[in-house]
Amino acid sequence: MDVYEAVKSRRSVRGFTDQPVPMEVLERVLTAAGNAPSGSNIQPWNIYVVTGEPLVRLKKLATERVANGEPWDEREYVMYPPDMRFPYGERRAAFGRDRYKALGVERADTEARMRAAIANWDCFGAPAALFCYIDRGLGPAQWSDLGMYLQTVMLLLRAEGLHSCPQMAWSQVRKTVAEIVQPPDELMLFCGMSIGYEDPAVSFVRNERAPLDELVTFVGG
Ligand SMILES: Cc1cc2nc3c(=O)[nH]c(=O)nc-3n(C[C@H](O)[C@H](O)[C@H](O)COP(=O)(O)O)c2cc1C
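What comes next is a walk through the structure.

The rules behind these values
- Residues numbered from 1 in each chain as written.
- Predicted model: local features only at pLDDT ≥ 70, side-chain atom pairs only at ≥ 80, totals over all residues.
- Heavy atoms only, no water.
- Axes fitted to C-alpha atoms, helices over the stretch in contact; angles between N-to-C directions.
- Helix = DSSP H or I, 4+ residues; strand = E, 2+ residues; numbered from the N terminus.
- Parallel < 35°, antiparallel > 145°, perpendicular 65-115°, else oblique.
- Left-handed = near helix turned anticlockwise from the far one by under 90°.
- Contact = heavy atoms within 4.5 Å.
- Nonpolar A, V, L, I, M, F, W, Y, C, P; charged D, E, K, R; others polar.
- Near = heavy atom within 4 Å.
- Polar contact = N/O pair within 3.5 Å; in protein donor to acceptor, adjacent residues only side chain to side chain.
- Areas by Shrake-Rupley, 256 points an atom, 1.4 Å probe, with all protein chains shown as cover.
- Patch = residues over 30% accessible without salt bridge, like charges linked within 9 Å, V, L, I, M, F, W, Y side chains within 5 Å.
- Salt bridge = Lys/Arg side-chain N within 4 Å of Asp/Glu carboxyl O.
- Buried < 20%, exposed > 50% of the residue type's maximum accessible area, 1.4 Å probe, protein only.
- Pairing = 2+ DSSP bridges.
- Phe/Tyr/Trp six-rings, centres within 6.5 Å; stacked < 30°, edge-to-face > 60°.
- Lys NZ or Arg CZ within 6 Å of the ring centre and 35° of its normal.

On to the packing of helix α3 (residues 52-67) against helix α7 (residues 174-181). For the pair α3 and α7, the least separation of the axes is 10 Å and the interaxial angle reads 160°. Overall, the two elements α3 and α7 adopt an arrangement that is roughly antiparallel. Crossing geometry of α3 relative to α7 is assigned as right-handed. Between α3 and α7, the residues in contact are Pro 54, Arg 57, Leu 58, Leu 61, Ala 62 and Arg 65 and Thr 176, Val 177, Glu 179 and Ile 180, respectively. Residues that form the contact of α3 with α7 fall into these classes: six nonpolar, one polar and three charged.

What follows is the structure, encoded as structure tokens:
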């Protein structure tokens, strides 16, 4: 698959079939993704791939926990600053509106919104997930390395006919994830990622992007 096609066809898919993802495909993708760049080549990503019975158990524990209204685990990093300056807060609000429009859910319908949110911890039906951890001693520059690695994984998944959804939502139940993957204490969970084959029956709204001149300044040339 052409790189442009991989970039354009990647989106956060929130409806997967239960078709298993072959382990050799995951190994091929994660081996190639290891070529992602990182400052001084320190490769700060620590990845746990969860499939099969452990994933079934994790989904059950996490969805039950959220459905029972249990509190989130205390935060280890700030997901979004409380006051996001224009245009970030506005973009986030637009994303929320589009998301609920795709689901046909009214803003005031908190129960339906909660049901939609809970799908996060069921991996939107996906049969595979990865969890990306970083050493607590590393800083913002190394967190950006994680982003490069994760996008590389997502593009390679497209080349394999697979889709994905990166999910910070998993950090809200990080202790439940830790029960299953048992990471060493020095690692902090950044996000999960659901991986699988898209269920074409699930409707979605493509998230629009800001125009080039809003985001990019060409100096010279
Ligand atoms: C680091 C990161 C965390 C995200 N966390 C979630 C999440 O918890 N749940 C979810 O449904 N989508 C999550 N997303 C997906 C974003 O909402 C999505 O990337 C954005 O709206 C752009 O849409 P697209 O990925 O479909 O192009 C996350 C994306 C990133 C990069």
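Below, the discussion takes up the packing of helix α2 (residues 23-33) against helix α6 (residues 140-159). At a closest axis distance of 9 Å, the pairing of α2 and α6 adopts a crossing angle of 140°. Put simply, α2 runs oblique to α6. Viewed along their axes, α2 and α6 form a crossing whose handedness is right-handed. Of the residues in α6, those touching α2 at Val 29, Leu 30, Ala 32 and Ala 33 are Tyr 149, Thr 152, Val 153, Leu 156 and Leu 157. Of the residues assigned to the contact of α2 with α6, the class counts are eight nonpolar, one polar and no charged.

Glancing now at the site of the ligand. Around the ligand, the surrounding shell holds 15 residues, and the nearest of these are Ser 12, Arg 14, Met 168, Asn 207 and Arg 209. Between Arg 10 and the ligand, the recorded distance is 3.0 Å, taken from a side-chain N or O atom to an oxygen atom. The contact in question runs from an oxygen atom of the ligand to an N or O atom on the side chain of Asn 207, over 2.9 Å. The protein chains hide 73% of the 620 Å² of surface that the ligand would expose on its own. When its residues are assigned to classes, the shell around the ligand shows seven nonpolar, four polar and four charged.

This part covers a nonpolar patch on the surface. A cluster of nonpolar side chains, contributed by Leu 212, Leu 215, Val 216 and Phe 218, occupies part of the molecular surface with about 430 Å² of accessible area. Mapped onto the secondary structure, Val 216 falls in the segment after α8 (212-215).

Time to look at the pairing of strand β2 (residues 128-135). In terms of burial, β2 is largely enclosed, as seven of its eight residues are buried. When strand β1 (residues 46-51) meets β2, the two strands line up antiparallel, connected through six bridges. In the sheet register, Tyr 48 faces β2, and the bridge partner there is Phe 131. Alignment of β2 against strand β4 (residues 187-196), held across eight bridges, turns out to be antiparallel. By the bridge assignment for β4, Tyr 133 is matched with Leu 189.

Quick look at the packing of aromatic side chains now. Scanning the entire structure with this criterion turns up seven aromatic pairs. Seen in terms of ring centroids, Phe 131 and Trp 170 are 5.2 Å apart; in terms of plane orientation they differ by 90°. Their pairing is edge-to-face. Here Phe 131 is found in strand β2, whereas its partner Trp 170 is found in the loop between β3 (163-167) and α7, with 39 residues between them in sequence. Across this residue pair, the class does not change: Phe 131 and Trp 170 are buried. Connected via pairs of aromatic rings, a cluster forms that spans Tyr 77, Trp 143 and Phe 190. Over the ring of Tyr 77 we find Arg 75, and its NZ or CZ is 5.1 Å from the ring centre. The ring of Tyr 80 has Arg 92 lying over it, and the distance from NZ or CZ to the ring centre is 3.8 Å.

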